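Residues per chain, in single letters:
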Amino acid sequence: MAFYEVYSHPALIRYRSSVCTKATLFAVVALCLTYIPPLLVAYRSQFWLKTSTYEEQPVVRFQYEAILIATTSAQGEYVAWSTFPHFNHLVGARLRIPALSQVREEDDNQDGKLDRLLLEMQLPLRVEEQLYSLQLLLTFSYQLFRMSTVAMQSLACVHYSSAVPGAQLFISGDLRLQQRAPLPHRGLYNIYNVSVIDSSSPFASAYEFDDIIRKYQQRNTTLLSTAMPVWKPGRAPTAPFMLRAEIHYSTETIYRPGFWETIKFAWIQYVSVLLVFLWVFQRIQTFVFEKQLLTTVPGEPAHHHKLH
Amino acid sequence: MSAVSSLVPARFLTIIAHLVIVITIFWSRDSNVKACLPLEYTQEQYEEEDKKLVVGLSVTLGLFAIELAGFFSGVSMFNCSQGLLSIGVHASASVALLFYLFEQWECSVYWWILAICSVLPACVEITLFIAVFGFKKKAS
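Okay, so let's go over this structure. These numbers come from a predicted model, not from an experiment.

So, the interface of chain B and chain A
Moving on, step 1. Taken together, the contacts link 10 residues of chain B with seven residues of chain A.
Moving on, step 2. Of the roughly 690 Å² buried at the junction of chain B and chain A (both faces included), carbon and sulfur atoms supply 72%.
Moving on, step 3. It is A3, S81 and L84 of chain B that lose the most area in chain B upon contact with chain A, and together they represent 52% of the buried surface on that side.
Moving on, step 4. The interface formed by chain B and chain A includes zero salt bridges.
Moving on, step 5. Inspection of the chain B/chain A interface yields one residue pair in polar contact (both at pLDDT 80 or more).
Moving on, step 6. Of the residues assigned to the side of chain B that touches chain A, the class counts are seven nonpolar, two polar and one charged.

This is the structure:
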């Protein structure tokens, strides 16, 4: 009384043929058509992974270096200040030292990496002076550790100009990584670990804003500050100019993946298309050889484990 | 043989599919001709490439006529290897020409498809013609 299937196993039939027959030719053609088309299909769209992204909160530290230039009249008179003694010396009579009431970096989520820079300074102005524009350069050091170790010195540029003289400027922005080329996936990447402004140079050319910005933008990896400025006009004659800046440090990086990661993704793509082709050609070959459309010598159905 | 009799409709369908795509390309060969030419082209260059493609397509139709003649007359209808070859080659031609039409491949690709997928079965067909009518071999 055999009512249900307890167990089953396949019986293997081998079809043999000599080398120069139509059956061998058919088998070779089927082999080529099984293993090569998946490669072509997978190649059509992004086979080798060239770039990939990952998220990491960088270790950003404000270097406490700044250069400030503010235009105080519509004719272009300006005052300036910086943390570099040579620059202050070169500026001479136009030096105006602001009062820094707050410079601090905060770590909101207490993970050991700073999240924000809060900067507040008051620039004293004479009664007849009116502030029309402001340019501020701040330097930071930027480090990443997860994939390759990246260490670089970078710049945040705050710039605002208005036809209306102002009393207060509030800037809130993000420091984003700007890349022209993907980062490597391992190793040390510190070619930009030189300070952006050469503080030891006594020459004025070292502190020219356009030179600094031009050399900085030639780098492949820089920081970009996307700032939203708020300019409040209407300064009381004796009040100083208030500058408040909040700069957030943000995440996300693009890198070039390594050899094994590329191979892993390529293998996934290849095998998933290969399975379809294997199934199709297995059906075709079973039909052709079982029905003896091409003459071969079939062997006895063999069991997988011979017991004798 | 029952297996061969299931090859016959498969062979017929693949030949007709290939034929349909060739006729479709005949009618909408404009974008394929433009894919062969550089961005700036003159009308003479266009006419020349167009003529070449038309010649290729006409040769294909001629070879189809040979193969269909052999198939319908029974010379190669029951021949297993010619049946398998014909099915394989016309199926790949259909897929390749589909890509040729939709992806706007350039003209040189068409000559390869023609050589492998139209000339080959037609040659085997002619050989079978000679074998059956010339040497009186049985068309099994």
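After presenting the structure, the write-up continues.
Things to note about the environment of E120 of chain A
Residue and element names in this part refer to chain A.
Moving on, step 1. With respect to the element layout, E120 can be found in strand β6 (residues 116-123).
Moving on, step 2. Considering only alpha carbons, one finds E120 and S101, 19 residues apart in sequence, at a separation of 5.6 Å.
Moving on, step 3. Those residues in contact with E120, other than ones at most four positions away along the chain, are A99, L100, S101, Q102, M242, L243 and R244.

Overview of helix α4 (residues 80-102) of chain B
An α-helical segment advances 3.6 residues per turn. Residues three or four places apart therefore align on the same side.
Moving on, step 1. In this model, α4 of chain B (23 residues) spans 33 Å end to end at C-alpha, consistent with the 33 Å of a helix rising 1.5 Å per residue.
Moving on, step 2. Looking one or two places after α4 of chain B, you find Q104 of chain B, whose phi comes out positive at around 50°.

A word on the nonpolar core
Moving on, step 1. Core analysis: the largest hydrophobic core is formed by 54 residues, its most contacted members being I67, L138, F140, F241 and Y249 of chain A.
Moving on, step 2. For this core, the element with the highest residue contribution is strand β8 (residues 149-179) of chain A, accounting for nine residues.
Moving on, step 3. Excluding its chain neighbours within four sequence positions, the residues that come into contact with Y249 of chain A are Q57, V60, F62, E105, L114, D115, R116, L117, F140 and L175 of chain A.
Moving on, step 4. Counting 24 residues, the second largest nonpolar core, distinct from the first, contains V22, L37, F64 and Y100 of chain B.

Cut-offs and rules
Here the residue index of a chain counts from 1 through its sequence in written order. Just so you know, chain letters begin at A and ligand numbers begin at 1, following the order they were written in. Thresholds applied to this predicted model are a pLDDT of at least 70 for local features of residues and 80 or more for the giving and counting of side-chain atom pairs; totals over whole chains, interfaces and linings are not thresholded and use all residues. Values reported for side chains reflect all heavy atoms of the structure, with hydrogen atoms and water molecules removed beforehand. Pairs of residues are marked as contacts when any of their non-hydrogen atoms sit within 4.5 Å. Buried area, as used here, totals the accessible surface that two parts lose on assembly, with accessibility defined by a 1.4 Å probe and the loss added over both. The salt bridge criterion pairs a side-chain nitrogen of Lys or Arg with a carboxyl oxygen of Asp or Glu, the two atoms within 4 Å. Counting of polar contacts relies on pairs of N or O atoms within 3.5 Å, with two restrictions inside protein: one atom must be capable of donating a hydrogen and the other of accepting it, and residues adjacent in sequence are counted only when both atoms are side-chain atoms. Gly counts as polar in this scheme, as do all residues outside two lists: the nonpolar Ala, Val, Leu, Ile, Met, Phe, Trp, Tyr, Cys and Pro, and the charged Asp, Glu, Lys and Arg. Secondary structure elements are defined from DSSP: runs of H or I of at least 4 residues count as helices, runs of E of at least 2 residues count as strands, and each element is numbered from the N terminus. What a helix is expected to span follows from its residue count: subtract one and scale by 1.5 Å. What is meant by a nonpolar core is a set of buried Ala, Val, Leu, Ile, Met, Phe, Trp, Tyr and Cys residues, joined one to another through side-chain atoms within 4.5 Å. Relative accessibility thresholds used throughout: buried, under 20% of the residue-type maximum; exposed, over 50%; partly exposed, between the two (1.4 Å probe, protein chains only).

Interpretation in functional terms is not warranted from these geometric data alone.
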